[in-house]
Amino acid sequence: MRELTLLIATFNQGKIREIQRILAHTGDRLRVTLLSLADLNIAAEASETGNSFLENAAEKSVYYSKFAPNTYTIAEDSGLSVTALNGEPGIYSARYSDPGATDDKNIEKLLHKLENQADRRATFVTAVSLSLDGRLIKSFIGEVEGEIIDQRRGESGFGYDPIFYYPPLQKTFAQLTTDQKNAISHRYRALEKLRQFLPQLPVI
Ligand code: ITT
């Protein structure tokens with residue numbers, strides 16, 4: 001059995017919950033031990049200066065890998081891209097309603113912008129990047145399409161989940177259990193590609 005240690009470099013508790021659960025199952029031939037930034041007492045905040053999810057994910061994973069020598073490090077950048085708003089809030093999803101952005105205020109701002117808008121299409125995107133000792137190894141993208149409804153539904157998940165309606169299940173992401181969301185989400189789709197890649201990594 002191969003063993004691999006992975007640092008999950010994010011401070012977002014919603015992401016941590018989902019990533020841990022998704023990566024818990026890596027098959028019989030690979031055992032992955034997951035570390036968090038808190039486990040390693042890392043409190044530094046990476047900057048996000050890129051113009052895309054991929055650039056920001058890469059920047060974060062390279063940055064945090066320098067704090068954890070000899071440890072494969074993943075970071076992700078994610079967000080919601082709304083068709084009628086030309087991709088907004090996109091890479092600004094977490095801070096959409098700055099200053100003092102919260103999930104609730106971000107949703108409020110988005111719903112306001114979409115008032116009287118007939119085109120409700122939106123895509124959740126996750127870019128996951130893997131780095132080691134300050135060098136980017138590879139990045140993966142995952143996406144899922146849905147619609148923005150005009151009122152919150154459901155209590156689970158985080159971020160924009162209460163207004164992201166997924167037609168195949170006729171529910172918002174906040175009405176799904178973690179396992180249901182993890183079977184279809186943008187985060188799952190990106191991490192699934194990462195998981196396929198992990199066995200190729202050199203043992204360190
Ligand atoms: P880290 O940089 O520490 O990872 P962050 O919350 O700042 O945490 P991002 O810059 O990637 O992360 O912003 C992601 C935002 O996109 C997140 O705060 C939500 O508002 C939204 N988002 C991403 N994935 C989501 C999901 O699965 N469900 C709902 N909203 C999501």
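Coordinates for the structure precede this section.
Please read these numbers as outputs of a predicted model, since none were measured by experiment.

Cut-offs and rules
- Residues numbered from 1 in each chain as written.
- Predicted model: local features only at pLDDT ≥ 70, side-chain atom pairs only at ≥ 80, totals over all residues.
- Heavy atoms only, no water.
- Pairing = 2+ DSSP bridges.
- Helix = DSSP H or I, 4+ residues; strand = E, 2+ residues; numbered from the N terminus.
- Contact = heavy atoms within 4.5 Å.
- Axes fitted to C-alpha atoms, helices over the stretch in contact; angles between N-to-C directions.
- Near = heavy atom within 4 Å.
- Polar contact = N/O pair within 3.5 Å; in protein donor to acceptor, adjacent residues only side chain to side chain.
- Areas by Shrake-Rupley, 256 points an atom, 1.4 Å probe, with all protein chains shown as cover.

Honestly, the sheet that holds strand 4 (residues 121–132) in this entry has me stumped. Any pointers?
Backbone-to-backbone hydrogen bonds pair the strands of a sheet. The strands run either parallel or antiparallel. Strand order in this open sheet of seven strands is 2-1-3-4-5-6-7, and the pairing throughout is mixed. Every other strand in the sheet has two partners, leaving strand 2 (30–36) and strand 7 (171–172) as the edge strands with one partner each. Strand direction decides the pairing type here: strand 6 (residues 164–166) and strand 7, joined by two bridges, are antiparallel. Looking at strand 7, one finds that Tyr166 is bridged to Lys171. With respect to the sheet, helix 1 (residues 13–23) is in contact with strand 1 (2–8), strand 2 and strand 3 (72–82), its orientation differing from that of strand 3 by roughly 120°.

For this particular structure, what's the right way to read the site of the ligand?
With respect to spatial proximity, 20 residues lie near the ligand, and among them Thr10, Lys15, Lys60, Asp161 and Lys181 are the closest. Lys15 places a side-chain nitrogen or oxygen 2.7 Å from an oxygen atom of the ligand. Ser78 is positioned such that a nitrogen or oxygen atom in its backbone is 3.0 Å from an oxygen atom of the ligand. Relative to its free-state accessible area of 620 Å², the ligand is covered by the protein chains to the extent of 90%. Looking at the shell around the ligand, the elements with two or more residues in it are strand 3 and helix 5 (186–197). With four residues, strand 3 is the largest single contributor of residues to the shell around the ligand.

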